[in-house]
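Structural overview
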Amino acid sequence: MTDPTLAVLQVLGERSRASRPELVAATGLSAATVSRTVGRLRREGIVRDGPPVPTGIGRPPRVVELDDRVVGVVGIDAGGRTLRAATGDLAGSVRTRAARPVRDPDDRDALVDDLVALVRDVSSGSPPGALRALVAGVSGIVDHSSGRVLLSPDLPGLTGLALASALEDRLGIPVAIDNDDLLAAIGEASAGAAVGCRDVVFLALGYGLGAGVIVDGRPVRGAANAAGAIGFSAPGRLDQRASGRAIPGRYRHAMARSGTTSEMPLTDAREVFERAAAGEPIAAQVVADVLADLGDLIVDVAALLDPEVIVVGGGLTDAGTAVFAPLDTRLRAALPYPPRIVPSALHDAAVLHGAISMAVALARRRLAGLDPLVRSDPDRQVLSLA
């Protein structure tokens, strides 16, 4: 049975405001239960009376709305090069954002200190006690249930750390962590290119490679929390052939094999794509080989999961149609029912949107007097699809 507070907060999160009759109709709760729940939420400052909505017949009904001035959540995107944070309200809207570069990916204390400082910076305008939950997306393999980072090649200082507990101790609010690419998938499904879809794959094609998977509206983490670790895809390791980290080396190796030298050092995958677009044969061949590897991956993912949509983000997508056209062609040639393949609509904010969505689900549980870190119910709520 759905908790009345969760049900009311869910409806108010989906609408700007609602009257009591509308809440009764949307939740299936009795009028008396809705009245008691709204009364308690008003006394606690979570909802407030909104302006009446004229109906043209009789007295307009009284409406309530979430008071986003006093209740909020925080999302974190702990990527390999940049730490980002955002605040959001209980409707899931992102309010403020802040970022800072990673000082030293191997320094555990510096990483935690910077995350804490970033949260305090981004939430400096919030009233005391307003923040009810925080969710952090971490690059790597994380145990969502225990809040521990199991493996983070991009931020090795966090490997083995019970990050959720470390942040809770410093910030005094409930914290959960998850894989950043899974949160990006949730972000795109809740506010981006996959809104309304229940079966979604997010592919992060950037400096590293990763994937976030949603099946039937539920996040997929796997038995060892390693679902989506596509960098390990065979043959060999895909991230050593087709990631932004590997592409410059692949290009330099091809140059050396051809006996060609370049006057300009190359350290960024973007430059390889630019040289390919300018007609340089070796760069064009490297890009074609990379896209063939990524095309094989996307066909395998689509054949196994049959998603409605594959959303692609990350720095490699900056090349636009040079990346998307070959991948789409490969999908259509290989599968009888290919999914749509589309670019990320949220770009570098996808993880933050997903973290905010999950933090909202945790905050609703806390406001309902339930354990905010019970994992199953927040997963059901996070996309507002169940």
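1. Quick word on the overall build of the protein
The helix and strand tally for the protein stands at 12 helices and 15 strands. With respect to the three principal axes, the spread of C-alpha positions in the protein is 85 × 50 × 35 Å. Pairs at least 24 residues apart make up 62% of the contacts formed inside the protein by residues separated by at least 6 positions. Taking the average place of the 41 positive charges on the side chains of the protein and the average place of its 45 negative ones, the gap between the two points comes to 7 Å.

2. Some thoughts on the packing of aromatic side chains
Each aromatic ring pair is characterised by the separation of its centres together with the angle its planes make. Scanning the model with the defined rule gives 0 aromatic pairs in all. A cation over an aromatic ring shows up here: Arg81 above the ring of Tyr207, its NZ or CZ 4.1 Å from the ring centre.

3. Considering a nonpolar patch on the surface
Taken together, the side chains of Val215, Val220, Leu304 and Leu305 make up a nonpolar region of the molecular surface, amounting to roughly 320 Å² of accessible area. The residue Val215 is located in strand β12 (residues 209–215) in this model. Assessed through its relative accessible area of 35%, Val215 is described here as partly exposed.

4. Here's the deal with a negative patch on the surface
Side chains of Asp104, Asp106, Asp107 and Asp109 sit close together on the surface and give a patch of like negative charge. Along the polypeptide, Asp104 turns up in the loop between β6 (94–101) and α4 (108–122). Its relative accessible area of 33% is what places Asp104 among the partly exposed residues.

5. Things to note about the sheet that holds strand β5 (residues 82–88)
Sheets are built from strands that pair by backbone hydrogen bonding, the pairs being arranged parallel or antiparallel. The strand order across the open sheet built from 5 strands is β6-β5-β4-β7-β10, with neighbouring strands paired in mixed fashion. Two strands lie at the open edges of the sheet, namely β6 and β10 (175–179), each paired on one side alone. Strand-to-strand, the axes of this sheet are offset by a mean angle of 15°, without reference to chain direction. Packing of α4 onto the sheet brings it into contact with β4 (72–78), β5, β6 and β7 (131–138), and relative to β6 it is tilted by some 145°. Its contacts with the sheet put helix α6 (residues 180–191) on β4, β7 and β10, and the angle it makes with β10 is roughly 95°.

How each quantity is defined
- Residues numbered from 1 in each chain as written.
- Predicted model: local features only at pLDDT ≥ 70, side-chain atom pairs only at ≥ 80, totals over all residues.
- Heavy atoms only, no water.
- Helix = DSSP H or I, 4+ residues; strand = E, 2+ residues; numbered from the N terminus.
- Contact = heavy atoms within 4.5 Å.
- Lys, Arg positive; Asp, Glu negative; His and termini not counted.
- Charge placed at Lys NZ, Arg CZ, Asp CG, Glu CD.
- Phe/Tyr/Trp six-rings, centres within 6.5 Å; stacked < 30°, edge-to-face > 60°.
- Lys NZ or Arg CZ within 6 Å of the ring centre and 35° of its normal.
- Patch = residues over 30% accessible without salt bridge, like charges linked within 9 Å, V, L, I, M, F, W, Y side chains within 5 Å.
- Areas by Shrake-Rupley, 256 points an atom, 1.4 Å probe, with all protein chains shown as cover.
- Salt bridge = Lys/Arg side-chain N within 4 Å of Asp/Glu carboxyl O.
- Buried < 20%, exposed > 50% of the residue type's maximum accessible area, 1.4 Å probe, protein only.
- Pairing = 2+ DSSP bridges.
- Axes fitted to C-alpha atoms, helices over the stretch in contact; angles between N-to-C directions.

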